Amino acid sequence: MLNTAIVGLGNVARWHYRAIERTAGVALTAVADLDESVVQNRATEWGTTPYTDVEELLASEQVDWAHVCTPLASHAEVARQCLEAGAHVLVEKPMTATRQEYESLVRRADHQDRRVTVVHNQVNYPPFVRARQLVESGRFGRIHGVSVRWLENNDPREPGRGEWVLDLPGGEFGEGIVHPIYIGLRMAGYPANEEVIDTQRINTTGDESVEYDGIAVSYSTADDVVCTIQHHSNVQGSRQVEYFLEEGRIVADIPTQTVQVYPEGYGGNATVDRPILNAAWWSVRNAASAVQSAASIQFKQLVADLRDEEFTVHDTHTPVIRQEANAIRGTGDDPTPRAEADWTNHIFTRINGDSTS
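Quick look at the structure, then. (Residues numbered from 1 in each chain as written. Predicted model: local features only at pLDDT ≥ 70, side-chain atom pairs only at ≥ 80, totals over all residues. Heavy atoms only, no water.)

Moving on, we get to helix 4 (residues 75-84). Among the ten residues of helix 4, seven are classified as buried, and the element is accordingly described as predominantly covered. His75, Ala76, Val78, Ala79, Gln81, Cys82 and Leu83 are the residues of helix 4 that are buried. Among the structural elements, strand 1 (2-7), helix 3 (54-60), strand 4 (65-68), strand 5 (88-91) and helix 5 (99-112) are those in contact with the buried residues of helix 4. Phi turns positive one or two residues past the end of helix 4, at Gly86, with a value near 95°. (Buried < 20%, exposed > 50% of the residue type's maximum accessible area, 1.4 Å probe, protein only. Helix = DSSP H or I, 4+ residues; strand = E, 2+ residues; numbered from the N terminus. Contact = heavy atoms within 4.5 Å.)

What follows is about the layout of surface pockets. The volume enclosed by the largest pocket comes to roughly 1,000 Å³. Taken together, 45 residues line the largest pocket, and the ones lying closest to its centre are Asn11, Val12, Cys69, Arg161 and Trp164. Going through the elements one at a time, helix 1 (11-21), helix 3, helix 4 and helix 7 (171-175) are the ones with two or more residues in the lining of the largest pocket. Across the lining of the largest pocket, the residue classes break down as 15 nonpolar, 19 polar and eleven charged. (1 Å grid on protein atoms, 1.4 Å probe; cavity = no way out; pocket = protein on both sides within 12 Å on 5 of 7 lines; lining within 4 Å. Points joined across faces, edges and corners; volume = space filled by probe spheres on them. Nonpolar A, V, L, I, M, F, W, Y, C, P; charged D, E, K, R; others polar.)

Counted under the stated rule, the structure contains four aromatic pairs. Ring centres of Tyr125 and Phe128 lie 6.4 Å apart, and the angle between their planes is 85°; on these two criteria the pair is classed as edge-to-face. No difference in accessibility class separates Tyr125 from Phe128, as the two residues are buried. On the numbers, 6.3 Å between centres and 35° between planes, the contact of Phe128 with Trp150 is tilted. Of this pair, Phe128 sits in helix 6 (residues 126-136) while Trp150 sits in strand 7 (residues 143-151), placing them 22 residues apart in sequence. Note on accessibility: Phe128 and Trp150 belong to one class, buried. Through a chain of ring-to-ring contacts, three or more aromatic side chains come together here, namely Tyr125, Phe128 and Trp150. One cation-aromatic arrangement involves Arg249 over Tyr262; the distance from NZ or CZ to the ring centre is 4.4 Å. (Phe/Tyr/Trp six-rings, centres within 6.5 Å; stacked < 30°, edge-to-face > 60°. Lys NZ or Arg CZ within 6 Å of the ring centre and 35° of its normal.)

With that settled, consider the sheet that holds strand 8 (residues 198-202). Overall, mixed pairing links the seven strands, which are arranged 8-9-10-7-11-12-13 in an open sheet. Edge positions in the sheet fall to strand 8 and strand 13 (258-262), since each of these pairs with one other strand and no more. Taking the axes of each pair of neighbouring strands and ignoring which way they run, one obtains an average angle of 10° across the sheet. In terms of strand pairing, strand 9 (residues 214-220) meets strand 10 (residues 226-232) through seven bridges, oriented antiparallel. Bridge assignment links Tyr219 to a residue of strand 10, and that residue is Cys227. Packed on one face of the sheet, helix 6 meets strand 7, strand 11 (238-245), strand 12 (248-253) and strand 13 and runs near 160° to strand 12. Each of strand 7, strand 9, strand 10 and strand 11 touches helix 8 (residues 178-188); the most contacted strand, strand 7, lies at about 165° to it. (Pairing = 2+ DSSP bridges. Axes fitted to C-alpha atoms, helices over the stretch in contact; angles between N-to-C directions.)

Quick look at the packing of helix 5 against helix 11 (residues 338-351) now. Helix 11 packs onto helix 5 with a crossing angle of 160° between their chain directions and a minimal axis gap of 9 Å. In terms of orientation, helix 5 lies roughly antiparallel with respect to helix 11. Contacts between helix 5 and helix 11 involve Arg99, Tyr102, Val106 and Asp110 on the former and, on the latter, Arg338, Ala341, Asp342, Asn345, His346 and Thr349. Per-class residue counts for the contact of helix 5 with helix 11 are three nonpolar, three polar and four charged. (Parallel < 35°, antiparallel > 145°, perpendicular 65-115°, else oblique.)

Okay, the packing of helix 1 against helix 2 (residues 36-46) next. Angle between the axes and distance between the axes: these two values describe a pair of packed helices. Taken N-terminus to C-terminus, the directions of helix 1 and helix 2 make an angle of 20°; their axes are 13 Å apart at the nearest point. Classed by the angle they form, the pair helix 1 and helix 2 counts as roughly parallel. In the packing of helix 1 onto helix 2, the handedness of the crossing is right-handed. Judged by residue contacts, Ala13, Arg14 and Tyr17 of helix 1 engage Arg42, Glu45 and Trp46 from helix 2. (Left-handed = near helix turned anticlockwise from the far one by under 90°.)

In short, geometric facts, not functional conclusions.
Pasting the structure below:
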């Protein structure tokens, strides 16, 4: 049994609790937060022991696995304390605020012979998983490029995760930029080297207290795949990944939970006799796929209601936590590869002006 503690009880901690409850061989034994009323309420709700001091928790409990869900500025220090107490550590994204913190934390984990892993959960959305399977099947040929489009109708000056996000260069928006970054890395592969990475920031708010509310990242891999990532706030939301392949395009869409396939174009170089009719045919097929996806979700919701269970398509934490629990036991692979964590931190800290990135 992995005795587990959650440190930091903001919104994301509930996803961790939900996943722990659904993972065999893992038990929540303690929680910690600086806010005494919050920690008491959660401990009562979840049936566990409350602490307001991490060191006291680690001295009082046998913790095999610690989940760090605190504000970003404290990730490195809290994770360090947990590692030194002998626990494996799962850190919420972003892993650390600086490159130096990241490298120091990884070295310490290796020295302690303990795992330190960052949560890259949204790669587990079913459309992303299905799209990768189609690409890896080889049916559509070689990948030429991947485009990640992450659009959110929020404002970086309006904290949704807590007032602490306003201390970040990109505010509320800046805390979440790692999502499209790691998704691009997972879908396209890693940059060939640091020199091929280009990062851009924009600020459309007109507010000097915000450093940016939009980013663009581009790079090429050693296999000559181009990856472009755009993430914008204050726009109507959509989250998509599009693959450009030798024999078609594949679009994975989160809002509709669909994968759309376009195996033929309709330009002058189309390989079918009636390219416009062919494009229309695939549009109809993709529309039918969207209806099927919606029906499947509604059916799963109905079954969950009948069983008096919770259901949501947005629980992408449970696969991460189950896989990491197996990795700790030595029976599974990393949910987040070390190289992916490293490149994500490199790009994230570069965008935020870390000169060592």
